[in-house]
Amino acid sequence: MHMVIYALVEESTHDDALATGKTVFDRLVGADPHAGAVFDYHVTFDEADTSASGKARWGELPTAAPVDSEDGQDLVERGWEATKEEFERNLDRVKEAIDELSDEEIMRDEDLARHAFHQVGAYDGPTIFLYTEHGTGIRHRGQLDRLLEESEELWIVPTDIHF
């Protein structure tokens, strides 16, 4: 499956932001020998020779944008809304499982109940759409707001990622 995720990086130029974003995504796909793979592979939006990923799948997105620009604000909002929607969807599944399933059924992962529990608590992976420049998933609005307020030259870099 494909999804668009975003890295928020503090850099002074577009090219530096794109390079740092690629480093974040490389870590998330396990290209860094000290990082475990969370995703399979990624394609940033500066890559033009792909036929099934990046621009070919999602259309034109900025390769990197200052967070305080219109494009940057749009990408931050997309990433946050997607994270929030995935959390709420999985939390609803957890609540339903607790109300409707026995402990034994939950233990057996009936209706993927345990999977939903896992997704609610996830720190990275397909339920998290925003990442810091250290590859840490942004899991709640306070964490995002703090990053947006404390950073002076913050950029957002999107990538098409496969899991």
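Sequence positions are assigned chain by chain, starting from 1 and proceeding in written order. Thresholds applied to this predicted model are a pLDDT of at least 70 for local features of residues and 80 or more for the giving and counting of side-chain atom pairs; totals over whole chains, interfaces and linings are not thresholded and use all residues. Heavy atoms throughout the structure, all of them, feed into the side-chain values; hydrogens and water do not.

Right, let's talk about the overall build of the chain for a bit. Runs of H or I in DSSP of at least four residues are treated as helices and runs of E of at least two as strands, each being numbered from the N terminus. Helix and strand counts for the chain come out as six helices and five strands. Starting at the N terminus and ending at the C terminus, the chain contains elements arranged as β-α-β-α-β-α-α-α-β-α-β. The quantity called the radius of gyration is restricted to C-alpha atoms. Its globule counterpart is 2.2 Å times the number of residues to the power 0.38. Here the C-alpha atoms of the chain give a radius of gyration of 17 Å, agreeing with the 15 Å that 2.2 N^0.38 yields for 163 residues. When the backbone C-alpha atoms are referred to their principal axes, the chain occupies close to 55 × 35 × 30 Å. Counting across all 163 residues of the chain, residues that qualify as buried make up 42%. Partitioning the intrachain contacts of the chain with sequence separation of at least 6 by distance along the chain shows that 64% fall at a separation of at least 24. Surface exposure here means Shrake-Rupley accessible area, sampled with a 1.4 Å probe, where a residue is shielded only by the protein chains that are shown. Put simply, the chain shows about 8900 Å² of open surface, and 47% of that area lies on carbon and sulfur atoms. Neither His nor the chain termini are counted; the positive set is Lys and Arg, and the negative set is Asp and Glu. The atoms used to mark charge sites are NZ of Lys, CZ of Arg, CG of Asp and CD of Glu. Each charge sign in the chain was given a centre, from 14 positive and 38 negative side chains, and these centres are 4 Å apart. Only protein chains enter the area calculation, which uses a 1.4 Å probe; residues under 20% of their type maximum are buried, those over 50% are exposed, and those in between are partly exposed. By definition in these notes, contact holds between two residues if any of their heavy atoms fall within 4.5 Å.

The description of two helices packed together rests on the angle between their axes and the distance between the axes. Their axes nearest at 8 Å, the elements helix α3 (residues 70–100) and helix α5 (residues 113–120) cross at an angle of 135 degrees. In terms of axis orientation, α3 runs oblique to α5. Handedness of the α3/α5 crossing: left-handed. Contact residues: α3 offers F87, N90, L91, R93, V94, A97 and I98, while α5 offers A113, H115, A116, F117, Q119 and V120. Its residues assigned to classes, the contact of α3 with α5 shows nine nonpolar, three polar and one charged. Note on definitions: angles span 0 to 180 degrees between N-to-C directions of axes, and those axes are lines fitted to C-alpha atoms, for helices only across the stretch in contact. To sort the angles, those under 35 degrees are grouped as roughly parallel, those over 145 as roughly antiparallel, those from 65 to 115 as roughly perpendicular, and the leftovers as oblique. What makes a crossing left-handed is the near helix being turned counterclockwise from the far one by less than a right angle; a clockwise turn instead makes it right-handed. Residues are grouped as follows: nonpolar covers Ala, Val, Leu, Ile, Met, Phe, Trp, Tyr, Cys and Pro; charged covers Asp, Glu, Lys and Arg; every other residue, Gly included, is treated as polar.

We now examine the pattern of salt bridges. Close approach of charged atoms lets side chains of opposite charge pair. A pair is scored as a salt bridge if a Lys or Arg side-chain nitrogen falls within 4 Å of a carboxyl oxygen belonging to Asp or Glu. Going through the model one piece at a time under the given rule, you end up with eight salt bridges. Here E81 and K84 are joined by a salt bridge, their closest N and O atoms 3.7 Å apart. Here K84 and E81 lie together in helix α3, a separation of three residues that amounts to about one turn. Exposure remark for E81: the relative accessible area of 25% places this residue in the partly exposed category. Classification of K84 by relative accessible area gives partly exposed; the value is 32%. R108 serves as the salt-bridge partner of E104, at 3.9 Å between the closest nitrogen and oxygen.

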